[in-house]
Amino acid sequence: MELLLMVLALLVLIAISNVIQRFVPFIPVPLIQIALGVVAAYLPGLHHVPLNPELFLVLFIAPLLFNDGKMTPREELWKLRAYILLLALGLVFTTVLIAGPFIHWLIPAIPLSAAFALAAILSPTDAVAVGSLSGRVKLPGKIMHLLEGEALMNDASGLVAFNFAIAATVTGQFSLPKAIGSFVVIAIGGIVIGALLGFAVIWLRVFLRRLGVEDVTLHMLIIILTPFVIYLAAEECHVSGILAVVAAGVVHAIERDRMEESASLRLRIVSDSTWSVILFSLNGLVFILLGLEIPGVVTKIWEDPSYRNGQVIGYILIITLVLMLLRFCWVWVTDRQVRSALLTALSGVRGALTLAAAFSIPIVIQGGSPFPERSLILFICAGVILLTLVSASIFLPLLTRKPEETGAHAGNRKKDERKARIRVLEAGLCTVREEMDDVNKREALELISNYTRRLQHTKLEGHSNIGEAWRAAVAIRLDALQAEREVAERWLREERITPPFAERFQTSLNRMELILTNRFKIKLLLIVAWSALSRLFKGRKAKEGILTPSHPDWDIYKALKLEAIDAAIRRIKESETEDRRGTALAVIADYRELELDLQNDRHWSASKIKPGLKRRELELKAIQSERNAIQQMYEAGDIDRNLAGKLRLDVNYRESSVFESQKKL
């Protein structure tokens, strides 16, 4: 019961941390969560569970790295493979070989082998901590991809070096050839086992689907269990479980790109929503647990009279500075760019994985003696973690801050917001198209038309030459009207309609052309042009007795208009160019909506048809996809918290409108 209460309390702290961050956005969430963890450690009723390193790796690191392997762009990682390997392997071992002797020289009480172990667990960056930077700091794309690739791989190299250094400290024996051979086997074995088991899980899901088992919940459960099973299996085979889950994540990303069946699309929506909750909780728990452990680590050194507190803090500052200098020099030698090297050095954040590895240091060595300076090593690890997080949180925003948003910079801000809105709308549009079937086709086409018009309006708002954009839209519509005229003329030649009927039809097209070519109404074209056509048909022509479904000539008009619409769409597609593709799609969407109205005899109905259940279901799914897109852009650092909140507010308003319309039914 105490453990359950503790878990619930930690989850509440995660929620509180995000609420606090809303009021102090300049402080990153990880630091707030660490602070809450420290406070929670002193709460009298909170049951404290000692950090189990093996359980920590399985429960937290495995699923987080599995997801990172799925989400990290493979093309960019492959392009940066040489730089990633230099950081994940070269820099780790260089740090161990240089920082280890330096730590032994700085603190002689720590034996050389134990100093190597300390340098080994301080050398790899933490994938969770690096990921936490992206929400607040807009690093250049190349640097961010480099950090992500490094964090996926350097854990294995750092932990292998750490284990050999610990073994040398405990037993007093060390063999370099054996260490190199073991590292190769552990690394390659982990990648191979992870990839094979990843493919096995995919095969199992495909096999179940072939048997007719399409239950999304079952498939989602298999995906959630995958990183835990693969990590444990790899560790049981004495290879790297970390590299195994990363390899499995990459394999699942490839599978997701190739699967196009509707069941996979629905599963992707459920998977994204489920994983967002899991990752949100795990990321928060990692930093809160780190905060819970810090007081116990600090107290042992702080209250020990054999250590001078100022001197110990000095050790932390010097070691952190040495780690950053090594990282800066390593990147500068390979890239020769001071700014990139500085950003990469400051981004080398250490996280809970470092402290978890430190807790795995044995208490005694061979012969029963205490492990030398174990408490001091734990204290230094905790200090370096906090210092790298704080330095990255302070200096990276300063180095990556954009100029003040005045003049041209304000225009760039608006351009970024417009791009974000376009991505959100495209996400909703994609979901509607994926969910469209024979049952909800009419409702889906209505929503597609609505999304397309909103997209076109958003795109044209930021057009560099608005006059040219409007002229392009008018040209497309006039060309489509000409195609409609040609259909009416052909019907007249074939005597399928009478001359008066043809004249009335041509008159309606002429009126639309007048609206399009009137320069005083051009600015209203995007929003009201097609609705003006609808009102023109519905109002004026209805009075002439032509366009109501009850009129005797309705079927003739309907057939003529449908064929004219088909001809107009063909004309638009034939003359479509790449630079006018968006405008052409918007016009086609309008024609499709009019076609749908004609087919259902409802465009000229006096009463407005209320949205049905199918439409609301589609719209709510699209809205959820919009939310997911906003969260993905925020986590990737493409938008800041203020813009994300603004976009979410718009989505929430539209969602409330959907539910309000449901109440009125």
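Here the structure is a predicted model, which means the values were calculated and not measured.

Novice: I'd like a description of the overall build of the chain, backed by residues and values.
Specialist: Broken down by element type, the chain carries 25 helices and zero strands. Counting only residues that meet the buried cut, the chain has 48% of its 665 residues in that class. Within the chain, contacts between residues separated by at least 24 positions form 78% of all contacts whose residues are at least 6 apart in sequence. A total of about 32,700 Å² of accessible surface is found on the chain, and carbon and sulfur atoms cover 62% of it.

Novice: Account for the side chain of T344, with residues named and values stated.
Specialist: Following the sequence through the fold, T344 ends up in helix α14 (residues 338-346). A relative accessible area of 1% places T344 in the buried class. Not counting residues within four places of it along the chain, the set of residues in contact with T344 comprises I143, L147, R327 and V331.

Novice: How would you sum up the confidence of the model for the chain? Please name residues and give values.
Specialist: Looking at the chain as a whole, the pLDDT averages 78, with 80% of positions reaching at least 70. Mean pLDDT across the elements of the chain bottoms out in helix α21 (residues 525-543) (44) and peaks in helix α13 (residues 309-335) (91). Across residues 404-408 the pLDDT falls below 50, and counting only partners more than four positions away or on other chains, this stretch makes three contacts in the model. Long-range and interchain partners of residues 603-611, a stretch whose pLDDT sits below 50, account for 17 contacts in this model, where long-range means more than four residues apart.

Novice: Kindly report on a nonpolar patch on the surface, identifying the contributing residues and their values.
Specialist: Together, L3, L4, L5, V7, L8 and L11 make up a nonpolar patch on the protein surface, roughly 530 Å² of accessible area in all. Within the element layout of this structure, L5 appears in helix α1 (residues 2-23). A relative accessible area of 49% places L5 in the partly exposed class.

Novice: Give me the lowdown on the environment of V38, citing residues and values where you can.
Specialist: Its location among the elements puts V38 in helix α2 (residues 29-41). Taking relative accessible area as the criterion, V38 reaches 25% and is therefore assigned partly exposed. Spatially, the C-alpha atom of V38 lies 7.8 Å from that of I288, the residues being 250 residues apart in sequence. Not counting residues within four places of it along the chain, the set of residues in contact with V38 comprises G291, L292, I294 and P295.

Novice: Pulling in residues and values, what's your account of α14?
Specialist: Among the residues of α14, S340, A341, L343, T344, A345 and L346 are the ones counted as buried. In this fold, the buried residues of α14 make contact with α8 (141-171), α13 and α16 (374-400).

Novice: Which residues make up the side chain of T388, and what values go with them?
Specialist: Within the secondary structure, T388 is located in helix α16. With sequence-adjacent residues up to four places away left out, T388 is seen in contact with T320, M324, G348, V349 and R350.

Novice: Talk me through unusual backbone geometry; I want residue IDs and the actual numbers.
Specialist: Positive phi outside glycine occurs at H238, with the angle close to 60 degrees. Considering the arrangement of structural elements, one finds H238 in the loop between α10 (216-236) and α11 (241-258). Even without glycine at this site, E495 takes up a positive phi of about 60 degrees. In this fold, E495 is placed in the loop between α19 (466-493) and α20 (499-517).

Novice: Describe the packing of aromatic side chains, with residues and values.
Specialist: All told, the structure shown has five aromatic pairs when counted by the stated rule. Their ring planes at 35 degrees and their centres at 5.2 Å tell us that F56 and F60 sit as a pair that is tilted. One end of the pair is F56 and the other is F60, both in helix α3 (residues 53-71) and four residues apart, which spans about a single turn. Exposure class is identical for F56 and F60. Each is buried. Ring plane angle 10 degrees and centroid distance 5.3 Å describe the contact between W203 and F207, whose orientation is recorded as stacked.

Novice: Before we move on, could you go through helix α9 (residues 176-210) and cite the residues and values that matter?
Specialist: With 35 residues, α9 extends 51 Å from end C-alpha to end C-alpha; this agrees with the ideal 51 Å at 1.5 Å per step. Positive backbone phi, at 95 degrees, marks G212, one or two positions downstream of α9.

Novice: Give me the packing of α13 against α14: which residues, what numbers.
Specialist: Where α13 meets α14, the axes come as close as 8 Å, and the angle between the chain directions of the two elements is 145 degrees. Both α13 and α14 take part in a crossing whose hand is right-handed. Residues M324, R327, F328, V331, W332 and D335 of α13 lie in contact with α14, whose contacting residues are V338, S340, A341, L342, T344, A345 and L346. Partitioning the contact of α13 with α14 into residue classes produces nine nonpolar, two polar and two charged.

Novice: Residue-level account of the pattern of salt bridges, with values.
Specialist: Throughout the structure, instances matching the rule amount to 11 salt bridges. Of the charged contacts, one joins E417 and R421 as a salt bridge, the two residues approaching to 3.1 Å between their closest N and O atoms. Placement of both E417 and R421 in helix α17 (residues 408-435) is noted, with a separation of four residues, approximately one turn of the helix. In this structure R421 comes out as partly exposed when scored by relative accessible area, which is 24%. A salt bridge links E484 to K561; the nearest nitrogen and oxygen atoms lie 2.6 Å apart. Of the two residues, E484 is situated in helix α19 and K561 in helix α22 (residues 554-574); the sequence distance between them amounts to 77 residues. Bridged by salt links that share partners, the residues R490, E494, R496 and E563 form one connected network.

Novice: Mind laying out the environment of S369, listing which residues take part and the relevant values?
Specialist: One can find S369 in the loop between α15 (352-359) and α16. Residue S369 is classed as partly exposed on the basis of its relative accessible area of 36%. Considered as a pair, S369 and V170 are 199 residues apart in the sequence and their alpha carbons are 9.5 Å apart.

Thresholds applied
- Residues numbered from 1 in each chain as written.
- Predicted model: local features only at pLDDT ≥ 70, side-chain atom pairs only at ≥ 80, totals over all residues.
- Heavy atoms only, no water.
- Helix = DSSP H or I, 4+ residues; strand = E, 2+ residues; numbered from the N terminus.
- Buried < 20%, exposed > 50% of the residue type's maximum accessible area, 1.4 Å probe, protein only.
- Contact = heavy atoms within 4.5 Å.
- Areas by Shrake-Rupley, 256 points an atom, 1.4 Å probe, with all protein chains shown as cover.
- pLDDT = per-residue confidence, 0-100.
- Patch = residues over 30% accessible without salt bridge, like charges linked within 9 Å, V, L, I, M, F, W, Y side chains within 5 Å.
- Salt bridge = Lys/Arg side-chain N within 4 Å of Asp/Glu carboxyl O.
- Phe/Tyr/Trp six-rings, centres within 6.5 Å; stacked < 30°, edge-to-face > 60°.
- Expected span 1.5 Å × (residues − 1).
- Axes fitted to C-alpha atoms, helices over the stretch in contact; angles between N-to-C directions.
- Left-handed = near helix turned anticlockwise from the far one by under 90°.
- Nonpolar A, V, L, I, M, F, W, Y, C, P; charged D, E, K, R; others polar.

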